[in-house]
Amino acid sequence: MNLTLFIQQLLNGLSIGSIYAIFALGYTLIFSILGIINFAHGAIFTLGAYLTYALMGEAFGFNGLLANAALPIKLPFPLALILGSIIAGLVGVAIERIAFRPLRRRGADPLLTVVSSLGVALIVVNLIQYLVGAENYTFPGNTFGNLPASINFGSGENPIPIRTVQIVIFLVSVLVLAILTYFINYTKYGKAMRAVAEDPTTASLLGINTDGFIVLTFFISSFLAGVAGTLVGSSVSIAGPYFGIAFGLKGLAVIVLGGLGSIPGAVLGGLLIGVVEAFVPGQYSAYKDAVAFGILFIMLLVRPQGLLGRRLIQKV
Amino acid sequence: MAEFLNTYGPLIVSMVLGALLGLSLYLPLMTGQLSLASPGFYALGGYIAAILSTQVFPTNEGSFPIPLLLLEMLIAAIVSGILGVLVGIPALRLRGIYLALATIAFVEILRVLSLNLEITGGAVGIFGIPQPFASPIEYLWVALPLLLISMFLLYRLEIIRFGRAFVAIREDELAAGAMGINPTYYKVLAFTLGSILAGVAGALSAHFLNTWNARQGTFDASIIYLTSVLIGGSRTFVGPVLGGMVFTALPEILRAVAETPGLPIWLAQLLRDGRLIVFGVLIVLGTIFFPQGLVTPDLLKKIKRQEQ
């Protein structure tokens, strides 16, 4: 492999890896607070992509209930991305209300909550399919305005062209990660959120509105899923309502690699899996989707707490 | 009668197979472990039967010999059992959600492999799997005894030491460990028994359905069978059997309901095309309002008392 190809693949890997990172952070935030994995996360990812697509004023196909429908507004991509992700976040809050809170109130088995989130995933994905059909949707050609299709990072005689989309994705992801890191580590709300994650009962005794912060966590988590879904959708296409489920399963491999509940772990795990996938040789590309799951298995065998996770000690 | 069997034969056999898959998910749940692997082992068993019957065993004219079918089911059971142990041990040493994660990874790896390997026929799958029986309903000769034997064994299991250990682990793994029960051993055992059952059901299904492809064992299928077990009842083996049967027949039932005259068009359409939305709603409502499922041990006791 020559150097140009190496750098290209590395940047491709970092670009997709940064999406894995923000997506997996959504899993991690909820896991660190509630100790459960929200299987509806992948469905919200799908939803975010469709919402952004719709907010840009693009029409849907002729299958489904909303055949050929389009919103009367045509928002530019950045605005649609933010608004679509906010709506995705609000859907996350609604999901918490309907499917998680009643079980938490009762102190139900975490297993039941996991199952309930699977149910929500099934509803969201199939509702999308029911409304707008199962076809592929591609974001319009001018999504990124007048930016060129690719930017040359090498010299004139030794070009290293990188798709602009990849760079946009990487920059957006880094920006989101920076804001989130600042919020969690350096603001009062972030501190309170970490306190709730550490010990909800003690946190509520100290006057922190635990339920409020759980709602906030669901909002942020689902917002991140919406951003990730939109970024993947705009770089490739929205491959039907189920594309978030497959991505969501891969996100599980990311959090196991990084360590369940570890925020830096989710970022590291995402970037690593992105880069490893990018370096799968072309003739084996059909097996690319299995790589992340192979990594998950190996981690369970050798280091179940993940790269940066804390070893869980069960107290009686 | 003959007409009834011709029309509903395939559905009845599917319902029996659905009940077997329900039981295969119920076994790990007995120890409180969420496994999403049953459709994976089901797909694996199906591929084993499909490959053996189309490529290995001599195919002569006429129907496929039944002893060979049973041999395929046995091989599927052995392979599923070995793989069950291999997947189960790393995941079940750990407490918590790890089995669900490992089984998701397992199902996905199997799916990618079956889509890309030559021997599984790639995305097209395997066609023309030979038929041991003349009509679909005759599959009951194998499927029904299989279900009855499994049910009997589970009925026994629930009252002997092994089953008690399963339940003890589900209620409190640490306490069970302190009582001298080895949680990992019993969890792997329960998971492996479930895998074997799913593999055997898959081997039979491949012949029954005549074709086999990568769509057989997906994440979706995992969720649907999980629903059937949880709604049916996850505290006694009767729940998964009833749940598996009803949920296999549910698409047909919904289709029939959708044809009732006088129903609003949007509702009829939702029942016909939005089957999975209905499933999802059932899962969420079921976990909130019937955490033990519809068929609970208490309910069975009540029925027994009334009979006396």
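Treat the numbers as computed from the prediction; the structure is a model and nothing was measured.

## Description of the overall build of chain A
Point 1. Summing up its helical and strand segments, chain A has 11 helices and four strands in all.
Point 2. In terms of overall dimensions, chain A is globule-like: its C-alpha atoms have a radius of gyration of 20 Å, near the 20 Å expected for 316 residues.
Point 3. With the C-alpha coordinates of chain A rotated into their principal frame, the extents come out at 65 × 45 × 35 Å.
Point 4. The long-range fraction of contacts in chain A, counting pairs at least 24 apart against all pairs at least 6 apart in sequence, stands at 74%.
Point 5. Averaged over its 16 positive side-chain charges, chain A has a centre that lies 9 Å from the centre of its 10 negative ones.

## Considering the environment of B:Phe127
Residue and element names in this part refer to chain B.
Point 1. Relative to the helices and strands, Phe-127 resides in the loop between helix H4 (98–116) and helix H5 (140–157).
Point 2. On the basis of relative accessible area, Phe-127 is assigned to the exposed category, the value being 54%.
Point 3. Between the C-alpha atom of Phe-127 and that of Ala-221, which follows or precedes it by 94 residues, the distance is 21 Å.
Point 4. With residues up to four places along the chain from it excluded, the contact list for Phe-127 reads Thr-54, Asn-210 and Thr-211.

## Points about the packing of helix H2 (residues 38–56) of chain B against helix H8 (residues 183–209) of chain B
All names here are of chain B.
Point 1. For the pair H2 and H8, the least separation of the axes is 6 Å and the interaxial angle reads 45 degrees. In terms of orientation, H2 lies oblique with respect to H8. Seen from above, H2 lies across H8 with right-handed handedness. Taken together, the residues of H8 that come into contact with H2 (itself represented by Ser-38, Phe-41, Tyr-42, Gly-45, Gly-46, Ala-49, Ala-50 and Ser-53) are Phe-191, Ser-195, Ala-198, Gly-199, Ala-201, Gly-202, Ala-203, Ser-205, Ala-206, His-207 and Leu-209.

## A look at the side chain of A:Thr217
Point 1. For A:Thr217, the location among the structural elements is in helix H8 (residues 210–235).
Point 2. The contacts of A:Thr217, once residues within four sequence positions are left out, are A:Leu29, A:Ile30, A:Ile33 and A:Met193.

## Some words on the nonpolar core
Point 1. Membership of the largest hydrophobic core comes to 196 residues, with the highest contact counts inside it found for A:Ile37, A:Leu252 and B:Phe219.
Point 2. The element best represented in this core is helix H4 (residues 110–132) of chain A, accounting for 14 residues.
Point 3. Setting aside residues no more than four positions away along its own chain, A:Ile37 makes contact with A:Tyr27, A:Phe31, A:Val114, A:Ser117, A:Leu252, A:Ile255, A:Leu260, B:Ile97 and B:Leu101.

## Some points on the interface of chain B and chain A
Point 1. With 44 residues of chain B in contact, the opposing surface of chain A contributes 40 residues.
Point 2. Where chain B abuts chain A, roughly 3800 Å² becomes buried across the two surfaces, and 81% of that area is made up of carbon and sulfur atoms.
Point 3. The interface formed by chain B and chain A includes zero salt bridges.
Point 4. At the surface where chain B touches chain A, the tally comes to six residue pairs in polar contact (both at pLDDT 80 or more).
Point 5. Looking at the side of chain B that touches chain A, the elements with two or more residues in it are helix H3 (66–92), H4, helix H9 (219–232), helix H11 (265–273) and helix H12 (275–289) of chain B.

## Comments concerning the pattern of salt bridges
Point 1. Under the definition given, this model contains 11 salt bridges over all chains.
Point 2. With a closest N to O distance of 3.6 Å, B:Glu171 and B:Arg170 form a salt bridge.
Point 3. Look at B:Glu171 and you get exposed, because its relative accessible area is 53%.
Point 4. In the salt-bridge network here, residues are joined through shared partners; they are A:Glu96, A:Arg101, A:Arg104, A:Arg105 and A:Asp211.

## Overview of a nonpolar patch on the surface
Residues and elements named next belong to chain B.
Point 1. Together, Ile-149, Phe-152, Leu-153, Tyr-155, Ile-159 and Ile-160 make up a nonpolar patch on the protein surface, roughly 590 Å² of accessible area in all.
Point 2. Within the fold, Tyr-155 resides in helix H5.
Point 3. According to the relative accessible area criterion, Tyr-155 is partly exposed, its value standing at 42%.

## Considering the confidence of the model for chain A
Point 1. With 97% of its residues at a pLDDT of at least 70, chain A reaches an overall mean of 87.
Point 2. Element-level mean pLDDT values for chain A span from 77 in strand S2 (residues 150–152) of chain A up to 94 in helix H2 (residues 41–55) of chain A.

## Some thoughts on the packing of aromatic side chains
Remark: the centre distance and the inter-plane angle together describe each pair of aromatic rings, the angle taken between the planes.
Residues and elements named next belong to chain A.
Point 1. Taken as a whole, this structure holds 28 aromatic pairs over all chains when the rule is applied.
Point 2. Here the aromatic rings of Phe-6 and Phe-279 are separated by 5.3 Å at their centres, their planes lie at 40 degrees, and the arrangement is tilted. Placement of the pair is Phe-6 in helix H1 (residues 3–34) and Phe-279 in the loop between helix H10 (263–278) and helix H11 (288–302), with a sequence separation of 273 residues.
Point 3. Note on Phe-6: relative accessible area 38%, which makes it partly exposed.
Point 4. Accessibility expressed as a relative area gives 25% for Phe-279, which makes it partly exposed.
Point 5. Consider the rings of Tyr-20 and Phe-247, whose centres lie 5.1 Å apart with planes at 35 degrees: the pair is tilted. Here Tyr-20, found in helix H1, pairs with Phe-247, found in helix H9 (residues 243–258); they are 227 residues apart in sequence, far enough to count as distant.

## Thoughts on unusual backbone geometry
Glycine aside, a negative phi is what most residues show, and trans is what most peptide bonds show.
Point 1. A positive phi angle is found at B:Asn210, which is not glycine, with a value near 75 degrees.
Point 2. In this structure, B:Asn210 sits in the loop between H8 and H9.

## Here's the deal with the environment of B:Leu11
Residues and elements named next belong to chain B.
Point 1. With respect to the helices and strands, the residue Leu-11 is situated in helix H1 (residues 2–30).
Point 2. Spatially, the C-alpha atoms of Leu-11 and Met-245 are 9.6 Å apart, while their sequence positions differ by 234 residues.
Point 3. Not counting residues up to four positions away in its chain, the partners in contact with Leu-11 are Thr-248, Ala-249 and Glu-252.

Calculation criteria
- Residues numbered from 1 in each chain as written.
- Chains lettered and ligands numbered in written order.
- Predicted model: local features only at pLDDT ≥ 70, side-chain atom pairs only at ≥ 80, totals over all residues.
- Heavy atoms only, no water.
- Helix = DSSP H or I, 4+ residues; strand = E, 2+ residues; numbered from the N terminus.
- Rg over C-alpha atoms; globule rule 2.2 N^0.38 Å.
- Contact = heavy atoms within 4.5 Å.
- Lys, Arg positive; Asp, Glu negative; His and termini not counted.
- Charge placed at Lys NZ, Arg CZ, Asp CG, Glu CD.
- Buried < 20%, exposed > 50% of the residue type's maximum accessible area, 1.4 Å probe, protein only.
- Axes fitted to C-alpha atoms, helices over the stretch in contact; angles between N-to-C directions.
- Parallel < 35°, antiparallel > 145°, perpendicular 65-115°, else oblique.
- Left-handed = near helix turned anticlockwise from the far one by under 90°.
- Core = buried A, V, L, I, M, F, W, Y, C linked by side-chain atoms within 4.5 Å.
- Buried area = accessible area lost by both parts, 1.4 Å probe.
- Salt bridge = Lys/Arg side-chain N within 4 Å of Asp/Glu carboxyl O.
- Polar contact = N/O pair within 3.5 Å; in protein donor to acceptor, adjacent residues only side chain to side chain.
- Patch = residues over 30% accessible without salt bridge, like charges linked within 9 Å, V, L, I, M, F, W, Y side chains within 5 Å.
- Areas by Shrake-Rupley, 256 points an atom, 1.4 Å probe, with all protein chains shown as cover.
- pLDDT = per-residue confidence, 0-100.
- Phe/Tyr/Trp six-rings, centres within 6.5 Å; stacked < 30°, edge-to-face > 60°.

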